[in-house]
Each structure stands twice: as structure tokens, then as C-alpha cells.
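In case you want the letters, here they are:
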Amino acid sequence: MKNIDKTISKNETMDAMILYQQSTPLVFTETNIPEINDEQVLVKVEACGLCRTDLHIIDGELKNPKLPLIPGHQIVGKVVKTGKNVRNLNISDRVGIPWLGHTDGSCKFCLKGLENLCDNPIFTGYTMDGGFAEYTAGYSDFCFKLPQNKDAKSLAPLLCAGLIGYRSYSMIDKYAENIGIYGFGSSAHIICQIATIEGKKIYAFTTPGDIEAQRFALKYGAIWADDSTQNPPIKLDAAIIFAPVGKLVISALKNIEKGGIVVCGGIHMSDIPSFKYQDLWEERKIVSVANLTRKDGFEFFKKIENINIEVKVNEFELKDLNIAINLLRDGKVTGSQVVVF
Ligand SMILES: [Zn+2]
Ligand SMILES: [Zn+2]
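Keep in mind that this is a model prediction, so the values were computed, not measured. (Residues numbered from 1 in each chain as written. Chains lettered and ligands numbered in written order. Predicted model: local features only at pLDDT ≥ 70, side-chain atom pairs only at ≥ 80, totals over all residues.)

Caption draft 1: Expanded view of the overall build of the protein chain. Within the protein chain, the regular secondary structure consists of ten helices and 17 strands. By the compact-globule yardstick of 20 Å for 341 residues, the protein chain fits well, its C-alpha radius of gyration being 20 Å. Structurally, the protein chain occupies a C-alpha span of about 65 × 40 × 35 Å along its principal axes. Taking all contacts inside the protein chain whose residues are at least 6 apart in sequence as the whole, residues at least 24 apart take part in 68%. (Helix = DSSP H or I, 4+ residues; strand = E, 2+ residues; numbered from the N terminus. Rg over C-alpha atoms; globule rule 2.2 N^0.38 Å. Contact = placed C-beta atoms within 7 Å.)

Structure (C-alpha cells):
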């Protein structure tokens, strides 16, 4: 058979971290290697990054996941089997599987190029199984072909932290010079490097007293880093909020110029407190970023082809994923956490 790597045989099993019930830890389990449909590829996972969204799914802030579920949506791996309708990928191709797992292609949002808002989406590691397992299935049209010569563990965080960070950054007009970033983790340290190359000045805001995160921000290109309770030395043109803390929207709004924008990059955030209309006045804007489009992905990977983005990776074994999850929940992480196989 041409469309299957001979090392995979039917009924073989794999190791996976499985969520059986929200608000309970993942369980290290042996389970069947997934079957693929005609539009999918089977991927042998090389690395899968942990994202704050995984935490929101595990902790129950995002409702109605597929259960039992294998989370994980920053997947890098090799194609080992292709469905019979797959035309764009071959055995041994290296691919990335992102959060947007599939769309219907026919709803009014898909038809106007906003597939990130599709009425009938499938999300990797949420409504279909993801990458915290030795193998995973992905829809070939929604996979990104990735270079073979780069390190899998450094590519994995680009699949969501990078992509959603890039979509957030793209919401800011190109004339913006001074940009605030609230919450300096995986997304921020990737986007900070791209923005800096493009001549932007980044001001990093962290949890009060988190000196380590402030040092981390300065190391990755921020020109100023301080507690989120502090005001920056100048008015900002725009701000991106990656921390899931609603009150930061108000702080950011007060720190931006006339016509500035506050971009909320997370999928879940605590409530935003009420604020004076005066703070929004003069054409300030607040927007959220939801999911990604494939166009974002193509643009993003094209943009970084010739940039050497340094990703700070904290490496974990699959069976130790709950440790990584607890560290992220407790805010004890600088950089990106990645399970490496
Ligand atoms: Zn749609
Ligand atoms: Zn994510």
C-alpha cells in the first residue's frame, strides 16, 4: 500500500494523556492508534506544546469538550498514513496541526474569509482528539507543511502561541510604534521578537512582583518591563492582552493613545470591570481575537521563514504533562512548555 508507512499496523496501541472528566488530572493511558477518514492524515507526533487554552479545557472554563479527550493543539509530527482523498500531503511530510481542526467551508463566515468564526468548527484537542499522544489524526487541508530542518520542539509553540499571537499583533495598525503586552509568556516572547525586528518598541506588563518574567521580557526584546499596576513611561499606541485577567483591559485602555487599540488574545478571560466612557472616547477600540484562519498560518510561517525566532522551551515527557499543567496554572512558567516524544 502506498498511502501507509509499513511500521504502523492495525490494532497497534499508543500512549496518550487523556482527560476523562473536566477538573480532574489527565490520565496516562494506553489506547488505540486513531483511525483516519478519507480526508485525514495519521501523524506520528514529534512534539506538542501546552497552551493556556488546554488549561481552560481541563479546568472546565471551556464547556462541552469531547470526552474522553486527548488535549493538545500545537502539534508537530510526521505523516505516516494518508486518507484516500488526501492530495496535499505525503508520507514522511512534516506537518503542524493547529487549533482550527476543520470548518464546514459553507457557512456565511467561511464564505467571507472568516473561517476562524465558522458556525460548525472542529477544534483540535477540544472537540476532536489532539496531540498529547504518540499519534494523532488531522484533516490534511488544515495542516501546515513545516520545514524538516528545524527542531520539532521549537516549532510546536508556533502553532498556537505563535499563530494566535500573530493574529493579535496583526489587528494593530502598521503605524503603531509603542506596543504594550500584558502577560509575558509563550505568545508574548515569540511576538515580541517579530515586532522588534519590525521596529516596534515593546512594553511588557507582568504579574506584580514577577521579576523573573520581567527579566525574561527584556531578554526577548522588550525595552521596558514592569508590574501591570504601573504606567509605562509614554502613552502606548496599542496593547495586546495575553493574561486571562479582565481588569487588565481597563489598565491597557488607560495607557493607550487616542485611536489606539486593545487586543484581547485569549479564549477565556475573567470579567471586565465597568469603566468610564471617557476611557474609550477618542476612538479607542477593544477587540478580541478568536481562533485562526489558514491564511494567518500561511502568512505567519512565510514571515518567519527567514527570521530566527528563539523559542524558550521547557521540555517534558508525556507522562509528566500534569506537572507542566500545574506549573502553568500556578504562573511558574517562563517561555513555552512542550511535550517531546
Ligand atoms: Zn463555516
Ligand atoms: Zn492554544
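Caption draft 2: A look at the nonpolar core. Residues V43, I179, I181, A204, A239, I241 and V262 are the most contacted members of the largest nonpolar core, which totals 96 residues. The element best represented in this core is strand β3 (residues 40–50), accounting for seven residues. Contacts of A239, omitting those with residues within four sequence positions, involve I179, G180, Y182, A252, N255, I256 and V262. (Core = buried A, V, L, I, M, F, W, Y, C linked by C-beta atoms within 7 Å. Buried ≥ 20, exposed ≤ 12 C-beta atoms within 10 Å, placed from the backbone.)

Caption draft 3: Structural context of helix α6 (residues 211–219). Among the residues of α6, those classed as buried are A213, Q214, F216 and A217. Looking down the long axis of α6, one finds its buried residues gathered within 160° of arc, a one-sided arrangement. What points out from α6, more than 90 degrees from its buried face, is the exposed set I211 and E212. Of the surrounding elements, those touching the buried residues of α6 are α5 (186–197), β11 (201–206) and β12 (224–227). Of the residues trailing α6, G221 is marked for its positive phi of about 115°. (Arc of directions from axis to C-beta.)

Caption draft 4: View of the sheet that holds strand β10 (residues 178–182). Overall, parallel pairing links the six strands, which are arranged β12-β11-β10-β13-β14-β15 in an open sheet. Each having just a single partner strand, β12 and β15 (285–288) make up the two edges of the open sheet. Strand after strand, the sheet turns through a mean of 20° between neighbouring axes, direction not considered. Two elements, β10 and strand β13 (residues 236–241), share four bridges in a ladder whose sense is parallel. Bridging across to β13, I181 finds its partner in I240. Sheet strands in contact with α5 are β10 and β11, and its direction is about 160° off that of β11. (Pairing = 2+ DSSP bridges. Axes fitted to C-alpha atoms, helices over the stretch in contact; angles between N-to-C directions.)

Caption draft 5: Geometry of the packing of helix α4 (residues 161–170) against α5. Closest axis-to-axis distance for the α4/α5 pair is 8 Å, and the angle between their directions is 55°. Judged by the angle between their axes, α4 and α5 are oblique. Here the hand of the crossing between α4 and α5 comes out right-handed. Along the contact surface, α4 presents A161, G162, I164, G165, Y166 and Y169, while α5 presents S186, S187, I190, I191, I194 and A195. (Parallel < 35°, antiparallel > 145°, perpendicular 65-115°, else oblique. Left-handed = near helix turned anticlockwise from the far one by under 90°.)

Caption draft 6: Broad picture of the domain arrangement of the protein chain. Here the protein chain is partitioned into domain 1 (13–157 + 292–340) and domain 2 (163–288). The C-alpha-based centres of domain 1 and domain 2 are spaced at 26 Å. Of the residues lining the interface, 21 residues belong to domain 1; the matching set on domain 2 comes to 19 residues. Listed by contribution, the elements that provide at least two residues to the side of domain 1 that touches domain 2 are α1 (52–58) and α9 (294–303). Among the residues forming the side of domain 1 that touches domain 2, the class breakdown is nine nonpolar, seven polar and five charged. (Domains from an automatic or database assignment. Nonpolar A, V, L, I, M, F, W, Y, C, P; charged D, E, K, R; others polar.)

Caption draft 7: Local environment of α9. Every buried residue of α9 is accounted for by D296, G297, F300 and F301. Projected down its long axis, α9 shows its buried positions confined to an angular sector of 120°, all on one face. Those residues of α9 that are exposed and aimed more than 90 degrees away from the buried face are K295, F298 and K302. Next to the buried residues of α9 lie β9 (144–145) and α4.

Caption draft 8: Quick peek at the environment of N306. Tracing the sequence through the fold places N306 in the loop between α9 and β16 (313–316). By the C-beta count within 10 Å, which is 6 here, N306 ends up exposed. When the C-alpha atoms of N306 and V45 are compared, they prove to be 25 Å apart, with 261 residues separating the residues in sequence.

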